[in-house]
Structures are given as C-alpha cells and as structure tokens.
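Residue-level structural notes
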Amino acid sequence: TMDQISGIGDVQLSFVNDKEAYLLYMSDTAAEHIVKRLYYMGASDSNIKEVRELTVTVENYPVDFDFYNKEIGCIITNYHSSTNFIYRTEDGGRNWNIINAPKIEAEYLYMDGYEIECISEKEMRLVVQIENSQRKYRKEFYTYDGGKTWGKEKHEYDSGFKGENE
C-alpha cells in the first residue's frame, strides 16, 4: 500500500508496458540505514504489491533502474568504491545477481553509476560518470550477453569541467 512507501525518500518508476510498472522506493539518504523496496503494479490490480525488500541485497543507493519485461530488470547504484553496483533480475525482482562492471581504461578518481537500460533479454546499456583531476565525463557501454561481458565504450561526452570551486 502507499502507506508503506510514503514519507521522506525517493521513488522511481519503470514501466513494463502501458499497464504494468515496477516502483523502487529508497528512504532518505540521511538515514543511518537506507531502506530499499521493490513494488509491482499490475494491469488488473489497483494495489501496489511488494516484491522484495532490497536493503541488504543491493549495496549503496540506487540511481537508476529499468525493466525490459515483467521478469528481466536491472538496477545501478552509486559506486562509492564498491565493486557491486550493477544488479540484474530474471525472475521479476525476487532474486538479484551482481553483474561485473565494464573495465575502464582511463585513470579516474571517482566513478558512479549514472543510467541503465534493459534493451532486450540479454542487451543492456550502461552509462557511468567518471571524474579525474581534469574533468567529469560519462562513458556509455553495451552488453549483449546479460552483463557477462561489456563492449568497448561506445560514446564519451563531457558532463562538466572541474572548476576551482568544486
């Protein structure tokens, strides 16, 4: 119910089609323990149903998520030096597997998940934001095998130059 997900925090939606969607709730980042829950809104239901509590399963704070269909979805979190920041489900969110991150060739000080998209059953698009001593920029990667391997960067674009006040 909405009572379970109301309050301070963040809510993201991913539509499976024009009648079904997943909702990802995250409590306030200032909280000592960030609560993460995945909900499903079905075509014939007027209620929101909790699929799974993700607080322990998904490390860090989710920044984006996407579902290709009712079964296949992915979540990307902020990185914060964790090797686990890409997650994938093939059973509608009940179980999540950690996906290997693509190899970044350049030196960087900080990398963050930025955007993820499930394009087909095995194809995903990932955008990471990278910061080094000169600039911030984003790189785009694709996988065609569900995240086992990632192709070389497809695009690189600046997200802003580092200024003296940053």
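Heads up: the structure comes first, above all this text.
What comes next is a walk through the structure. In this text, all values refer to a predicted model and were calculated from it rather than measured experimentally. (Residues numbered from 1 in each chain as written. Predicted model: local features only at pLDDT ≥ 70, side-chain atom pairs only at ≥ 80, totals over all residues. Heavy atoms only, no water.)

**Observations regarding the state of the cysteines**
How we decide: Disulfides are defined as cysteine sulfur pairs within 2.5 Å. Only DSSP runs of H or I with at least four residues qualify as helices, and only runs of E with at least two residues qualify as strands; both kinds are numbered from the N terminus onward.
Applying the stated rule across the entire model yields one disulfide. Each disulfide pairs two cysteine sulfurs, and for C74 the partner residue is C118, the sulfurs being separated by 2.4 Å. Of this pair, C74 sits in strand β6 (residues 73-77) while C118 sits in strand β9 (residues 110-118), and the two are 44 residues apart along the sequence.

**A closer look at unusual backbone geometry**
Note the cut-off: The classification of residues rests on relative accessible area computed with a 1.4 Å probe and restricted to protein chains. Under 20% of the type maximum is buried, over 50% is exposed, and intermediate values are partly exposed.
The backbone phi angle of N60 is positive, close to 65°, even though this residue is not glycine. Inspection of the secondary structure assignment puts N60 in the loop between β4 (48-53) and β5 (62-67). In this structure N60 comes out as partly exposed when scored by relative accessible area, which is 26%.

**With respect to the side chain of K36**
This is how it is decided: His is not counted, nor are the chain ends; Lys and Arg add positive charge and Asp and Glu add negative charge. For this analysis, a salt bridge means a side-chain nitrogen from Lys or Arg found within 4 Å of a carboxyl oxygen belonging to Asp or Glu. What qualifies as a polar contact is a pair of N or O atoms within 3.5 Å, subject to a donor-acceptor requirement within protein and to the restriction that residues adjacent in sequence count only when both atoms come from side chains. Should any heavy atoms of two residues lie within 4.5 Å, those residues are counted as being in contact.
Structurally, the position occupied by K36 is in strand β3 (residues 36-41). There is no salt bridge for the buried K36, and the closest opposite charge comes from E53, which lies 7.9 Å off by N-O distance. At 2.4 Å, the side chain of K36 and the backbone oxygen of V58 are in polar contact. Setting aside residues up to four positions removed in sequence, K36 forms contacts with Y25, M26, R52, E53, L54, T55, V58, E59, N60 and P62.

**So, the pattern of salt bridges**
One pass over the full model with this rule turns up seven salt bridges. Among the ionic pairs, R88 bridges to E90, the shortest N-O distance being 3.3 Å. Relative accessible area serves as the criterion here: at 3%, R88 is assigned to the buried category. Classification of E90 as partly exposed rests on a relative accessible area of 46%. The partner of E117 in a salt bridge is R125, with the nearest N and O atoms 3.5 Å apart. R125 gets classed as buried once you look at its relative accessible area, which sits at 11%.

**Overview of the sheet that holds β4**
Under the convention used in this document: Two strands make a pair as long as DSSP finds a minimum of two bridges between them. Here an axis means a line fitted to C-alpha atoms, over the contact stretch when the element is a helix, while the angle between two N-to-C directions is reported on a 0 to 180 degree scale.
The strand order across the open sheet built from four strands is β1-β2-β3-β4, with neighbouring strands paired in antiparallel fashion. The outermost strands of the open sheet, each flanked by one partner alone, are β1 (9-15) and β4. On average, each strand axis in the sheet is tilted by 25° relative to the strand beside it, whichever way the strands run. Across five bridges, β3 lies against β4 in antiparallel orientation. In the sheet register, R37 faces β4, and the bridge partner there is E53.

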